[in-house]
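Working through the structure, step by step
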Amino acid sequence: MATERGAWGSRAGFILAAAGSAVGLGNIWGFPTQVGQGGGAAFVLVYLLCVAFICAPIMIAEFAIGRRAQKDPISAFEVIRPATAWWLTGLLGVLAGVGILSFYSVIAGWTIAYIWFTATGAVSGSQEAIGGFFSSFVSNVPLTTGLTFGVLAITAAIIMGGVRSGIERATKIMMPLLLLLLMLLAVRAATLPGAEAGLAYYVRPDMSRIWDIRVFNAALGQAFFSLSLGMGAMITYGSYLSRREGIAAAAIWIVLLDTSVALLAGLIIFPAGFSIPGFDPSTGGPGLIFTVLPRLFATLPGGHLFGAAFFILLTMAALTSTISLLEVPVAHLIDGHGWTRRTAVLAVTGTTALLAIPSALGNGAVPFFTSLPGIGMGFLDLMATIWNNFALPVGGFLIAIFVGWVWRVDEALAELRAEHAWFPAPGLWGALIRYVCPAAILLIIFFTIRAVAGI
Ligand code: TRP
């Protein structure tokens, strides 16, 4: 398959790259933050429901579209349904790629800095000292914007080399190490004084929170974000996949791995957090992991090393995700407009860097971007809300409608079961993609908008 578009070296390479896209800051930074704001175990429960019944079927649908069309997300819709408006779904995805990358690269920049801060012991001392250190760091404009641009430059350099080189190999080493280190930290956190309170918060749902529609919306958005769904990243990765490879098994592996990493991250943060006197999980905001983890590392022998290793692995996990975010708009400019890879990468990276600036400035440095007038949140939070909580689920809704009702389930199943590939429950998948996914997403988005608008 030596095509110009590039293709995966092997089946394992595809799974690793897609898993690398899924596992990232969304799992380790985003998930605990959202659990903290969504009231603990109630959020976890809703999240797991969204993953199983909405996101897993959509992941399969995205792979099927990509592999059938062998094109970027915009061209893919044009290939399967020419002369219709469906390509707009792909366009939404291309825009979401730039939007998400613009704030994601800021957080990835923070994780790079924390490699240094933990290794050198710069971040240490009392909880107030660690919190103060974080606030003054994120409002250091030259440093944080520089790191943001650094993340974008590294991503661009990797993407410039094409699909295959790098991603597969890096992920193969990083993922097992990351899992191992997370398990170790979870065990350590569980043995800290006060850990039981954190565990209870994490696994025992407060049922009164479950009926808050905003918890549903946040959980849905987080599930899409964590699994890299709703914007065609998995369409793009599926398009590099050969027809000989089974999709269902790959998708199940990726969903299980991604969800395990997120659950493990919570299993570290909450027991460790509750062992700190006066800890309130709902007030951590985007700084939650950066203020809880240094305290956890301090309780380990050789904690500096563990801390640095953790942030190195987190940075690598973030980079395998930024690669997939950048690859979607780049693939579109190559496939759809005949640009060279180099020009496409430079243009998209430059645009993203400009859009990233207000996200980097809005963490204390510039009051306007820190708390947008009339909106009550900062620019970074606003970006995360627009893209994760709304754009991705809407993209997923459109993909489900497209596959379920336009391309149609039997056509999609023919693609999914090509060459006698294993596909466990075709009837169930068809029903989820036709009815459950579109209806659930529509209801959640509708009632959230109603609640936010106060109607
Ligand atoms: N899933 C990644 C994470 O959890 C982020 C990500 C990468 C993403 N590619 C995406 C999110 C595409 C949405 C769409 O960190």
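Throughout what follows, the structure given in this document is the object of discussion.

Criteria and cut-off values
Residues numbered from 1 in each chain as written. Predicted model: local features only at pLDDT ≥ 70, side-chain atom pairs only at ≥ 80, totals over all residues. Heavy atoms only, no water. Helix = DSSP H or I, 4+ residues; strand = E, 2+ residues; numbered from the N terminus. Rg over C-alpha atoms; globule rule 2.2 N^0.38 Å. Buried < 20%, exposed > 50% of the residue type's maximum accessible area, 1.4 Å probe, protein only. Contact = heavy atoms within 4.5 Å. Salt bridge = Lys/Arg side-chain N within 4 Å of Asp/Glu carboxyl O. Near = heavy atom within 4 Å. Polar contact = N/O pair within 3.5 Å; in protein donor to acceptor, adjacent residues only side chain to side chain. Areas by Shrake-Rupley, 256 points an atom, 1.4 Å probe, with all protein chains shown as cover. Expected span 1.5 Å × (residues − 1). Phe/Tyr/Trp six-rings, centres within 6.5 Å; stacked < 30°, edge-to-face > 60°. 1 Å grid on protein atoms, 1.4 Å probe; cavity = no way out; pocket = protein on both sides within 12 Å on 5 of 7 lines; lining within 4 Å. Points joined across faces, edges and corners; volume = space filled by probe spheres on them. Nonpolar A, V, L, I, M, F, W, Y, C, P; charged D, E, K, R; others polar. Axes fitted to C-alpha atoms, helices over the stretch in contact; angles between N-to-C directions. Left-handed = near helix turned anticlockwise from the far one by under 90°. Disulfide = S-S within 2.5 Å.

**As for the overall build of the chain**
Secondary structure assignment for the chain yields 18 helices and zero strands. Scaling as 2.2 N^0.38, a compact globule of 455 residues should have a C-alpha radius of gyration of about 23 Å, and the chain matches this with 21 Å. Out of the 455 residues belonging to the chain, those deemed buried represent 57%. Partitioning the contacts of the chain with sequence separation of at least 6, the portion at a separation of at least 24 is 83%.

**Notes on the pattern of salt bridges**
Between side chains of opposite charge, a pair can form when the charged atoms approach closely. By the definition in use, this model includes six salt bridges. One salt bridge in this structure joins Arg243 and Glu415, with 3.1 Å as the shortest N-O distance. Residue Arg243 is located in the loop between helix H11 (233-239) and helix H12 (248-274), and its partner Glu415 is located in helix H17 (residues 379-416); the two are separated by 172 residues in the primary sequence. The partly exposed category is assigned to Arg243, whose relative accessible area is 41%. By relative accessible area, which is 0% here, Glu415 ends up buried.

**Examining the site of the ligand**
If you check the shell around the ligand, you find 17 residues, and the closest are Ala22, Gly26, Tyr104, Phe225 and Ser324. A distance of 3.3 Å separates an oxygen atom of the ligand from a polar atom in the side chain of Asn27. Taking Ser226, its main chain carries an N or O atom lying 3.1 Å from a nitrogen atom of the ligand. Here the ligand has 360 Å² of accessible area as a free molecule, and 100% of this is covered by the chains.

**Concerning the side chain of Thr322**
Along the chain, the position of Thr322 falls in helix H14 (residues 303-337). Polar contacts involving the side chain of Thr322 include one to the side chain of Thr155, which spans 3.0 Å. With residues near it in sequence (within four places) discarded, Thr322 still touches Leu101, Tyr104, Val151 and Thr155.

**Brief notes about helix H2 (residues 25-37)**
Look at H2: 17 Å from first C-alpha to last across 13 residues, which is about the 18 Å you get at 1.5 Å a residue. For H2, the buried fraction is high: 11 of the 13 residues fall into the buried class. Residues Leu25, Gly26, Asn27, Ile28, Trp29, Gly30, Phe31, Pro32, Thr33, Val35 and Gly36 constitute the buried set of H2. Looking at the residues trailing H2, positive phi occurs at Gly39, about 90°.

**Some thoughts on the packing of aromatic side chains**
To describe a pair of aromatic rings, one takes the distance between the centres and the angle between the planes. In total, this model carries 31 aromatic pairs according to the counting rule given. Between Trp110 and Phe290, the ring centres sit 5.7 Å apart and the planes meet at 80°, which makes this aromatic pair edge-to-face. Of this pair, Trp110 sits in helix H5 (residues 87-120) while Phe290 is found in helix H13 (residues 288-298), placing the two residues 180 residues apart along the sequence. A relative accessible area of 2% places Trp110 in the buried class.

**Brief notes about helix H10 (residues 213-226)**
For H10, which comprises 14 residues, the first-to-last C-alpha distance of 20 Å matches the rise-based estimate of 20 Å (1.5 Å per residue) to within 8%. Of all 14 residues making up H10, 11 are buried, and the element is well covered by its neighbours. Within the sequence span of H10, burial applies to Val215, Asn217, Ala218, Ala219, Leu220, Gly221, Gln222, Ala223, Phe224, Phe225 and Ser226. Looking at where H10 begins, the residue whose side-chain oxygen comes 2.9 Å from the main-chain nitrogen of Arg214 is Asp212.

**Regarding empty space enclosed by the protein**
On inspection of all chains with the given rule, the structure shows four cavities of 30 Å³ or more. Looking at the lining of the largest cavity, its residues break down into nine nonpolar, seven polar and no charged.

**Brief notes about the layout of surface pockets**
What the largest pocket holds in volume is close to 820 Å³. Looking at the largest pocket, it is lined by 32 residues, and the ones nearest its centre are Gln34, Gln37, Met377, Thr385 and Asn389. Of all the secondary structure elements, the ones that give two or more residues to the lining of the largest pocket are H2, H10, H17 and helix H18 (426-453). By residue number, the principal contributor to the lining of the largest pocket is H17, which donates nine residues. Considering only residue class, the lining of the largest pocket consists of 14 nonpolar, 14 polar and four charged. Looking at the second largest pocket, its volume works out to about 320 Å³. Around the second largest pocket sit 16 residues that line it, and Ala52, Ala56, Pro57, Ile60 and Ile252 are the ones nearest its centre. Elements supplying a minimum of two residues to the lining of the second largest pocket: helix H3 (41-69), H12 and H18.

**Quick word on the packing of helix H1 (residues 11-22) against H12**
Where H1 meets H12, the closest approach of the two axes is 10 Å, and the angle between their N-to-C directions is 35°. Once H1 is placed against H12, the crossing between them reads as right-handed. Residues Arg11, Phe14, Ile15, Ala18, Ala19 and Ala22 of H1 lie in contact with H12, whose contacting residues are Ala249, Ala250, Ile254, Leu257 and Asp258.

**Brief notes about the state of the cysteines**
Overall, the coordinates contain zero disulfides when judged by the stated rule. Free of any disulfide, Cys50 has its nearest cysteine sulfur in Cys55, 6.5 Å distant. Judged by relative accessible area, which is 0%, Cys55 ranks as buried.

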